[in-house]
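# Analysis of the macromolecular model
One letter stands for each residue in the lines below.
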Protein chains: 2
Amino acid sequence: MTALALRAGVHRDVVRRLGLGILEGTWPPGGRLPNEADLCARFQVSRTALREAVRFLAAKGLIEARPRLGMVVRARDSWNLLDPQLLAWQREWGTFDPDLVRSLLEARRVVEPAAAAMAAERATAADLARLEAALLGMVRNLPGDLDACCKADLAFHREILAASRNLVFAQLAGTIGAALEASFRISTELSRSYERTIEAHRDVLEAIRLRDRPAAEARMRALIDVAQADLEPALRELA
Amino acid sequence: MTALALRAGVHRDVVRRLGLGILEGTWPPGGRLPNEADLCARFQVSRTALREAVRFLAAKGLIEARPRLGMVVRARDSWNLLDPQLLAWQREWGTFDPDLVRSLLEARRVVEPAAAAMAAERATAADLARLEAALLGMVRNLPGDLDACCKADLAFHREILAASRNLVFAQLAGTIGAALEASFRISTELSRSYERTIEAHRDVLEAIRLRDRPAAEARMRALIDVAQADLEPALRELA
């Protein structure tokens, strides 16, 4: 292992332990982090490694330096909740807030139909080919390999955001992807009505291919309604 | 000055120089950064200070460690373009991409009307008071203090996103705020039709106060159309 790879491993580990402590509330918003020496001792790492982790988490909005106080955990609404990495951690660490899951679904209902409409206007032949491939990936892996099916599903939604040719929506692909993955994870225990879902995806693709903006928008909205209906029982349990 | 404040100053400076070099293309996407020793010598900083800056910019998606290559500048579409800080830097450093400005306007046209509709349903008395205060701030500072007027304008839009009670939209306040500030800056040379703008803001607030979802949505769309019309000549110049 190279020195760089070793350092990267240590960095990931310190970021994870410090980040998890904040997300889980060991160090609650508004409170101070322990001082450098204590944290170094606790994590068994060098001051440099700790400081790099601190800078990283500061960049994600979790903590900030305050004069005379040292590092302080910021209020929850200052966290970059849309950061794909932060979303992935929350999923991985089981610290997902049901409010955030609901907000993500609601936001998808606004953003994705608009992106589908833009894609109907702007998608290139290459975009259409990638959407077709994602749809085929869903069909081919059903019902045997749900995992591969979810991956293809995710790719379909990402490709539509990319095909919208709107830089903001393309950037939201990471966030919306993380939201989708969280949905998949939440709803794995449900028998997902995937047949219906695939029909809904096919309808969206057809509208985009026909350059039919209003249909693309309406069908994407219908698709998300199907997903939301699947998710509702699980969300009620979470709440 | 405390040691922490001094370190924070050095950190900001290294981040700025490294970040600017990447945004301006001194180190283009796909290329390697110079090695640590060279960068430390160039910026006259310690290895620790450099590494902290590197971690910070890695967290913003600008660079990543690659085995055997060291730090590499990531492709432009991996950058966290929606990060408010990254947007602020682009504004400050004059490296704003006209494509991004257009995308931001287009995204505002999707997100803000939806947020206004949600706010019509969910705004509390305190939200309404804050919106009223922001509107008054715009009126009071016109036409003498355009700067204060822009600040109040910004507050109005932020408050609507907050009042939507959607965590994703509330998070986008930073991004949309940065987009608005960029718009203000771009259009300062234009005689902004602020009278008309204020009328449009008042209409949105009235619809939210009356809990009229469709009106709030439609009027916010009309408001953004006014802003866009103001901006078009400047955008044409940028392109």
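Conventions used here
Counting of residues starts from 1 at the beginning of each chain's written sequence and follows it residue by residue. In the order they appear in the text, chains get letters beginning with A and ligands get numbers beginning with 1. Selection of residues for local features in this predicted model requires a pLDDT of at least 70, selection of side-chain atom pairs for listing and counting requires 80 or more, and totals for whole chains, interfaces and linings are taken over all residues. Secondary structure elements follow DSSP: runs of H or I no shorter than four residues count as helices, runs of E no shorter than two count as strands, and numbering proceeds from the N terminus. Whether a residue is buried, exposed or partly exposed follows from its count of other C-beta atoms within 10 Å of its own C-beta, namely 20 or more, 12 or fewer, or something in between, respectively; the C-beta atoms are built from the backbone. Remark: residues whose backbone-derived C-beta atoms lie within 7 Å of one another are considered to be in contact. For every domain, the bounds stem from an assignment made automatically or drawn from a database. Under the grouping applied here, Gly and all other residues not named as nonpolar or charged are polar, the nonpolar ones being Ala, Val, Leu, Ile, Met, Phe, Trp, Tyr, Cys and Pro and the charged ones Asp, Glu, Lys and Arg. A pair of strands is labelled paired if DSSP reports no fewer than 2 bridges between them.

## A look at the overall build of chain A
Secondary structure assignment for chain A yields ten helices and two strands. Seen in sequence order, chain A has helices and strands lined up from the N terminus as α-α-α-β-β-α-α-α-α-α-α-α. Judged by the C-alpha coordinates and their principal axes, chain A covers about 60 × 40 × 35 Å. Counting the 239 residues in chain A, one finds 42% classified as buried. In chain A, of all internal contacts separated by at least 6 residues, the share reaching a separation of at least 24 is 68%.

## Describing the domain arrangement of chain A
All names here are of chain A. Each assigned domain of chain A is listed with its residue range as follows: domain 1 (3–78) and domain 2 (84–238). Taking the mean C-alpha position of each, domain 1 and domain 2 sit 33 Å from one another. Listed per partner, the contact involves five residues of domain 1 and five residues of domain 2. Residues belonging to the side of domain 1 that touches domain 2 are distributed by class as follows: two nonpolar, one polar and two charged.

## Focus: the pairing of strand E2 (residues 70–73) of chain B
Residue and element names in this part refer to chain B. Where strand E1 (residues 63–66) meets E2, four bridges bridge the pair, whose relative direction is antiparallel. Bridge pairing in E2 places Ala-65 opposite Met-71. Once E1 ends, the chain turns through three residues before running back antiparallel as E2, passing Arg-68 with a positive phi of about 65°.

## A closer look at unusual backbone geometry
Residues and elements named next belong to chain A. With phi around 60°, Arg-211 is a residue other than glycine that occupies positive phi space. Within the secondary structure, Arg-211 sits in the loop between helix H9 (194–209) and helix H10 (213–238). A residue is classified by how many C-beta atoms lie within 10 Å of it, and Arg-211, with 13 of them, is partly exposed.

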